[in-house]
Amino acid sequence: MSDRGFPPVPERDLKNLSLDTRAVSARPRKHIGKETTPLVPPICHASTYRIEKIDDFLDVITEGGQIYSRLGNFTTEAVECAINALEEGAGSLVFGSGMAAISTVFICHLNSGDHVIYQNPMYSNTVTLLYDFKEKYGIELTAIPAGCNVEEYQKNVKPNTKMFIGETPCNPSMTILNLEEFGKLGQKLGILTMVDSTFGSCYLQQPIKHGVDLSVHSCTKYIGGHSDLIAGCVTTRTVEQWKKLKKWQTNLGGILSPHDASLLLRGVKTLPVRMERHSLNAMKIAEYLEKHPKVESVFYPGLPSHPHHEIAKKQMKSFGGMIRCDVKGGEQEAKTVAESLKLIQLAVSLGGVESIIEQPYLMTHGRYLFTEEEQRESNILPNALRLSIGLEDADDIIQDFNQALEKITV
């Protein structure tokens, strides 16, 4: 038997109202007993919030609080708080996708005639969005090779340079950007710096600590971690940067739904445990592939053979779950290996609990986005495979690669 005392009753008397009105208007009276707090932030689906007085509206707008969920929502703010606690920034904002986050940054900070220096390659849709901004708004672009010395950014600076864009580890080449040097250069020159930190996650590395202005993630990947949501986030170095970006997020409306925010918050809570396991598995797989006679080369930051291994050791807690594996032969051999795997899933995206493989040359960085010349300039190789190592037993993953690599003759 319940010991709550009395059943919940409406906050107002409904006796003289019709059933139609009762169905819409019945709300329980606030409990007058001991106040408690949910252990897990609840999913707040409300689009709007009731106020007592007209003046309350402006108070909420200027001082903070909940009034309309495009402007702020309890559930999304809970996950923003959690992400920023890991990023160690001034504040974080979550978006409906990683590209919603990146496009909002560009709209917020770039004006016609501005110059952007970015590394090549990086996430394919970031590059194509920059191309669109160049064509539509007259943004000037300069691409520098991913993995080059940070001095290359400085060498290409113009009077109208507004933003440096980096990505580490790089998608899909797996080069590493020196975050400390990158952040220092941007602050020294007064140029805004943005780093896509998706491959590393906000557990393994924190660009803001190194003076980077904006740390961007596709939360669809490691932070969410279960291949069941689409989301993005931006963390800023200063409160002023956060306020400026928040204004544009509000105006553009690229917000995250409360339900997806709740899923994302659950992902944040298990991120440390998952990233350690991803990293342990990936190291074992990378060491195995590096020794395999049918593999030409392996790029994984945890391997001493990686050209930026020492930089990765300084700025990453561990080395993550992403590997680039170049199969001996060419396009067809890589395709055969990818299609012959049984445990590892052939799919785009990454960072989930399951292991995933794709062939960038034909898929994420393929001809539907880039010309053959652009692929060559980006060092997108026909025989390269991008691996996202999951949480399965590493020996099972190795056995799967064994049988798949047996299918090719080189």
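Everything numeric in this text was worked out from a predicted model, so none of it was measured.

What counts, and at which threshold
- Residues numbered from 1 in each chain as written.
- Predicted model: local features only at pLDDT ≥ 70, side-chain atom pairs only at ≥ 80, totals over all residues.
- Heavy atoms only, no water.
- Helix = DSSP H or I, 4+ residues; strand = E, 2+ residues; numbered from the N terminus.
- Contact = heavy atoms within 4.5 Å.
- Areas by Shrake-Rupley, 256 points an atom, 1.4 Å probe, with all protein chains shown as cover.
- Lys, Arg positive; Asp, Glu negative; His and termini not counted.
- Charge placed at Lys NZ, Arg CZ, Asp CG, Glu CD.
- Core = buried A, V, L, I, M, F, W, Y, C linked by side-chain atoms within 4.5 Å.
- Buried < 20%, exposed > 50% of the residue type's maximum accessible area, 1.4 Å probe, protein only.
- Pairing = 2+ DSSP bridges.
- Phe/Tyr/Trp six-rings, centres within 6.5 Å; stacked < 30°, edge-to-face > 60°.
- Salt bridge = Lys/Arg side-chain N within 4 Å of Asp/Glu carboxyl O.

1. Observations concerning the overall build of the chain
Consideration 1: Secondary structure summary: the chain contains 14 helices and twelve strands in total.
Consideration 2: Each principal axis of the C-alpha atoms in the chain carries an extent, and together these give about 85 × 60 × 35 Å.
Consideration 3: At a minimum sequence separation of 6, the contacts of the chain that also span at least 24 residues come to 72%.
Consideration 4: Carbon and sulfur atoms make up 54% of the accessible area of the chain, which amounts to about 19,900 Å² in all.
Consideration 5: Separation between the mean location of the 43 positive side-chain charges and that of the 49 negative ones in the chain comes to 5 Å.

2. Looking at the nonpolar core
Consideration 1: Among the nonpolar cores identified, the biggest contains 59 residues, and Leu264, Ile285, Leu289, Ile323, Leu387 and Phe401 are the most heavily contacted of them.
Consideration 2: Contributions of two or more residues to this core are made by α3 (74-87), α8 (201-204), α10 (258-291), β8 (295-299), β9 (322-327), α12 (331-340), β12 (384-388) and α14 (394-405).
Consideration 3: It is α10 that provides the largest number of residues to this core, a total of 13 residues.
Consideration 4: Not counting chain neighbours up to four residues away, the residues in contact with Leu289 comprise Val295, Val298, Cys325, Leu387, Phe401 and Leu405.
Consideration 5: Core analysis: the next-biggest nonpolar cluster, separate from the first, contains 26 residues, Phe106, Tyr118, Met194 and Leu214 among them.

3. Quick notes on the pairing of strand β2 (residues 115-120)
Consideration 1: Among the six residues of β2, six are classified as buried, and the element is accordingly described as predominantly covered.
Consideration 2: Where burial is concerned, the two faces of β2 agree: the one with His115, Ile117 and Gln119 and the one with Val116, Tyr118 and Asn120 are both buried.
Consideration 3: Taken together, the six bridges between β2 and strand β3 (residues 140-145) define a ladder with parallel strand orientation. Bridge assignment links Gln119 to a residue of β3, and that residue is Ile144.

4. Focus: the packing of aromatic side chains
Consideration 1: For the structure shown, the criterion picks out six aromatic pairs.
Consideration 2: Where Phe106 meets Phe133, the ring centres are 5.8 Å apart and the plane angle is 75 degrees; that geometry is what we call edge-to-face. Of this pair, Phe106 sits in helix α4 (residues 98-109) while Phe133 sits in helix α5 (residues 124-137); the two residues are 27 residues apart in sequence, bridging distant segments of the chain. Both residues of the pair, Phe106 and Phe133, belong to the buried class.
Consideration 3: A centroid spacing of 6.4 Å and a plane angle of 75 degrees characterise the contact between Tyr300 and Phe319, whose relative ring orientation is edge-to-face. Taken together, the positions of Tyr300 in the loop between β8 and α11 (309-315) and Phe319 in the loop between α11 and β9 put the pair 19 residues apart, joining distant regions of the chain. Per residue, the accessibility class of Tyr300 equals that of Phe319, and both read buried.
Consideration 4: Following the ring pairs from residue to residue traces out a cluster consisting of Phe106, Phe133 and Tyr137.

5. Quick look at the pairing of strand β6 (residues 214-218)
Consideration 1: In terms of residue burial, β6 counts as a mostly covered element, since five of its five residues are buried.
Consideration 2: Neither face of β6 is left uncovered, since the one carrying Leu214, Val216 and Ser218 and the one carrying Ser215 and His217 both have all their residues buried.
Consideration 3: The sheet contact formed by strand β5 (residues 192-196) and β6 spans three bridges and is parallel. Pairing of Met194 across the sheet is with Leu214, part of β6.

6. Quick notes on the pattern of salt bridges
Consideration 1: Under the criterion given, the structure shown has ten salt bridges.
Consideration 2: Asp395 serves as the salt-bridge partner of Lys284, at 3.0 Å between the closest nitrogen and oxygen. With Lys284 in helix α10 and Asp395 in helix α14, this residue pair connects regions lying 111 residues apart in the sequence.
Consideration 3: Its relative accessible area of 37% is what places Lys284 among the partly exposed residues.
Consideration 4: For Lys313, the salt bridge goes to Glu310, with nearest N and O atoms at 3.7 Å. Taken together, the residues span about one helical turn, with Lys313 and Glu310 both in helix α11 at a distance of three residues.
Consideration 5: Residue Lys313 is classed as partly exposed on the basis of its relative accessible area, which comes to 47%.

7. Focus: the sheet that holds β8
Consideration 1: Pairing in this open sheet of five strands is mixed, and the strands run β8-β9-β12-β11-β10 from one edge to the other. Each edge of the sheet is formed by a strand with only one pairing partner; in this case those strands are β8 and β10 (345-346).
Consideration 2: Sheet analysis places strand β11 (residues 356-358) next to β12, joined by three bridges and oriented antiparallel. Residue pairing in the sheet places Glu358 in a bridge with Arg386 of β12.

So, to be careful, I would describe these as geometric facts and stop short of saying anything about function.
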